[in-house]
Amino acid sequence: IESVRAVADPDVERVVLERLCDEGAMEMRDVLGRIGRAFSPWIVAKLGELARRIAAHRVDHDESPFNPLLDTLLQIDPDAAMAVLRETLGGPDAPILERETRLTALRKAQIAFPEKLAPDLRALWKSEAGRDILPDVLRAIVTAGGPDAAAVVVSWCQAQVSAEIP
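Residues numbered from 1 in each chain as written. Predicted model: local features only at pLDDT ≥ 70, side-chain atom pairs only at ≥ 80, totals over all residues. Heavy atoms only, no water.

For the overall build of the chain, give the residues involved together with the corresponding values.
If you tally the helices and strands in the chain, you get ten helices and zero strands. The linear arrangement of helices and strands in the chain, starting from the amino end, is α-α-α-α-α-α-α-α-α-α. Structurally, the chain occupies a C-alpha span of about 60 × 30 × 30 Å along its principal axes. Classification of the 166 residues of the chain by burial places 43% in the buried group. Considering only contacts in the chain between residues 6 or more positions apart, those separated by 24 or more positions represent 61%. (Helix = DSSP H or I, 4+ residues; strand = E, 2+ residues; numbered from the N terminus. Buried < 20%, exposed > 50% of the residue type's maximum accessible area, 1.4 Å probe, protein only. Contact = heavy atoms within 4.5 Å.)

Give a description of the environment of E49 that names residues and reports values.
Along the chain, the position of E49 falls in helix α4 (residues 40-55). Taking relative accessible area as the criterion, E49 reaches 31% and is therefore assigned partly exposed.

Would you mind going over the nonpolar core in detail, with residue names and values included?
Ranked by internal contacts, the top residues of the largest apolar core, which has 46 residues, are I43, L47, L69 and L106. Tallying contributions element by element places α4 first for this core, with seven residues. When sequence neighbours within four positions are dropped, the list of residues in contact with L106 reads L89, L121, L124, I133, D136, V137 and A140. (Core = buried A, V, L, I, M, F, W, Y, C linked by side-chain atoms within 4.5 Å.)

Tell me about the layout of surface pockets, residues and numbers included.
Considered as a void within the structure, the largest pocket measures approximately 220 Å³ in volume. Lining the largest pocket are 15 residues; nearest its centre among them are G48, A51, R52, E87 and T88. For the lining of the largest pocket, the secondary structure elements donating two or more residues are α4 and α6 (78-90). Ranked by residues supplied to the lining of the largest pocket, first place goes to α4 with five residues. Here the lining of the largest pocket is composed, by residue class, of nine nonpolar, three polar and three charged. (1 Å grid on protein atoms, 1.4 Å probe; cavity = no way out; pocket = protein on both sides within 12 Å on 5 of 7 lines; lining within 4 Å. Points joined across faces, edges and corners; volume = space filled by probe spheres on them. Nonpolar A, V, L, I, M, F, W, Y, C, P; charged D, E, K, R; others polar.)

Can you explain unusual backbone geometry? Please cite residues and give values.
Although it is not a glycine, H57 adopts a positive phi angle of roughly 60°. Looking at where H57 falls in the secondary structure, it is placed in the loop between α4 and α5 (66-76). Using a relative accessible area of 62% as the deciding quantity, one classes H57 as exposed.

What follows is the structure, encoded as structure tokens:
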């Protein structure tokens, strides 16, 4: 609990986030992992804040600690991570989030929770947030499997053929 309170200090928070983006990332993830789920609310809040800052072009996705924070959350609290992935891919702000942020969340969903997030992936397939990442969404749906995965693939192929025919 003391560690969680310490990270509320802006200077400590800044150091933690910086370390997650430099050569000390693995060590910092291990430290946060040892502290455990007590850090989950802080990480979830930081991920939401970062996603909004990236969407507002105040920080570049690749230069942000979004990926290592999400990896850390997956390590210490898979349920909280799944909720963040759902929000990033299908929440009300999903359509305005940067493509790279949504792709990161999609890849994590595909690796960590394909079956559990299958309904979310199918919803993403039909949503505005999924339009510019459809091939990646399709790949995630196929990974997740399910009785309608083949139908989704066929519908995508038909749409591609229809788009090519004048």
